[in-house]
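Each chain, written out:
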Amino acid sequence: MPEARLAILISGRGSNMVALANAARAPDFPADIALVLSNKADAQGLETAAAMGLETLALPHRGFANREAFDTALSAELKARHIDVIALAGFMRILTPGFIRQWEGRIVNIHPSLLPKYQGLDTHARAIAAGDREAGCTVHVVTERLDDGPVLAQARVPIAPDDTEATLAARVLAQEHRIYPAALAAHIRSLGPKQACPDQR
Ligand code: GRF
């Protein structure tokens, strides 16, 4: 059975990308990482991916007139590499409804909160400010609504009274690295034996 071809989309540090890439080395992981793509040319994660021997591509969004134009180019790059599944890993760009429809069910994201709480940015600061006693992270299928869509996995961590945004983020990040590879693998398996994007069949 052919493995799914996975693209990981990043914008920065890339620690979740590394967690996925390490997990993908296991023989029973259901996907090969065919591409690590960043919308920022200077993303640290691109260098890390190249050092790990992965194919990388910078597609700076600034070169495009609007979101639709960027997403059209993004889709073309993914299709040129016969990508089946997309993992967003710190990809700080909202995708257009047209792009999401084209890849329906095949885009997975990790978000640093216990969705549906704290969609959007600054999740840890908001959880601390609200006096929450726990925080966490969520792996979900991407739909047209931001930080929404079927939940594949969640992990919870306690919030300590002296937590700062940074200490809480570090505690949550360790859980992100743990749950993302497993949840993504399970989702890819659930797509069935032929994972190709409908447009590419
Ligand atoms: C992670 O906290 C992820 O949940 C969020 O952005 C951060 C990316 O970190 N979407 P990294 O680039 O994977 O290290």
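Here's what I pulled together on the structure shown here.

The rules behind the values
Residues numbered from 1 in each chain as written. Predicted model: local features only at pLDDT ≥ 70, side-chain atom pairs only at ≥ 80, totals over all residues. Heavy atoms only, no water. Buried < 20%, exposed > 50% of the residue type's maximum accessible area, 1.4 Å probe, protein only. Helix = DSSP H or I, 4+ residues; strand = E, 2+ residues; numbered from the N terminus. Contact = heavy atoms within 4.5 Å. Near = heavy atom within 4 Å. Polar contact = N/O pair within 3.5 Å; in protein donor to acceptor, adjacent residues only side chain to side chain. Areas by Shrake-Rupley, 256 points an atom, 1.4 Å probe, with all protein chains shown as cover. Nonpolar A, V, L, I, M, F, W, Y, C, P; charged D, E, K, R; others polar. Salt bridge = Lys/Arg side-chain N within 4 Å of Asp/Glu carboxyl O. Pairing = 2+ DSSP bridges.

What to know about helix α1 (residues 15–23)
Thinking step 1. Those residues of α1 that fall on the buried side of the exposure criterion are S15, N16, M17, A19, L20 and A21.
Thinking step 2. If you follow the buried residues of α1, they end up packed against β1 (4–10), β2 (31–38), α2 (44–51), β4 (85–88), β5 (107–111) and α6 (165–190).

Re unusual backbone geometry
Thinking step 1. Cis geometry is adopted by the peptide bond preceding P116, which originates at L115 and carries an omega value of 15 degrees.
Thinking step 2. Tracing the chain through its elements places P116 in the loop between β5 and α5 (123–129).
Thinking step 3. A positive phi angle is found at H82, which is not glycine, with a value near 55 degrees.
Thinking step 4. By the secondary structure assignment, H82 is in the loop between α3 (67–80) and β4.
Thinking step 5. Phi at Y118 takes a positive value of approximately 55 degrees, unusual for a residue other than glycine.
Thinking step 6. Within the fold, Y118 resides in the loop between β5 and α5.

Structural notes on the site of the ligand
Thinking step 1. Around the ligand, the surrounding shell consists of R13, G14, S15, N16, G90, I110, P112 and E176.
Thinking step 2. Contact distances for the ligand include 3.4 Å between a nitrogen atom and a backbone N or O atom of I110.
Thinking step 3. Between the ligand and the protein, one listed contact pairs an oxygen atom with a side-chain N or O atom of E176 at 2.7 Å.
Thinking step 4. Isolated, the ligand exposes 370 Å² of accessible area, and the fraction of that covered by the protein chains is 85%.
Thinking step 5. Along the lines of polarity and charge, the residues of the shell around the ligand split into two nonpolar, four polar and two charged.

Points about the pattern of salt bridges
Thinking step 1. All chains considered together, the criterion is met by seven salt bridges.
Thinking step 2. Of the charged contacts, one joins R81 and E55 as a salt bridge, the two residues approaching to 2.9 Å between their closest N and O atoms. Of the two residues, R81 is situated in the loop between α3 and β4 and E55 in the loop between α2 and β3 (56–58); the sequence distance between them amounts to 26 residues.
Thinking step 3. Residue R81 is classed as buried on the basis of its relative accessible area, which comes to 17%.
Thinking step 4. The partner of D163 in a salt bridge is R171, with the nearest N and O atoms 2.6 Å apart.
Thinking step 5. The class for D163 is buried, based on a relative accessible area of 9%.
Thinking step 6. Each member of the salt-bridge network shares a partner with another, and the members are E55, E77 and R81.

Structural notes on the pairing of strand β6 (residues 134–141)
Thinking step 1. Judged by how many residues are buried, β6 sits mostly within the fold: seven of eight residues are covered.
Thinking step 2. Relative to β6, β5 runs antiparallel, the two sharing four bridges. Paired with I110 across the two strands is V139, which belongs to β6.
Thinking step 3. Pairing of β6 with strand β7 (residues 151–158), which is carried by seven bridges, proceeds in the antiparallel orientation. Bridge assignment links E134 to a residue of β7, and that residue is P158.

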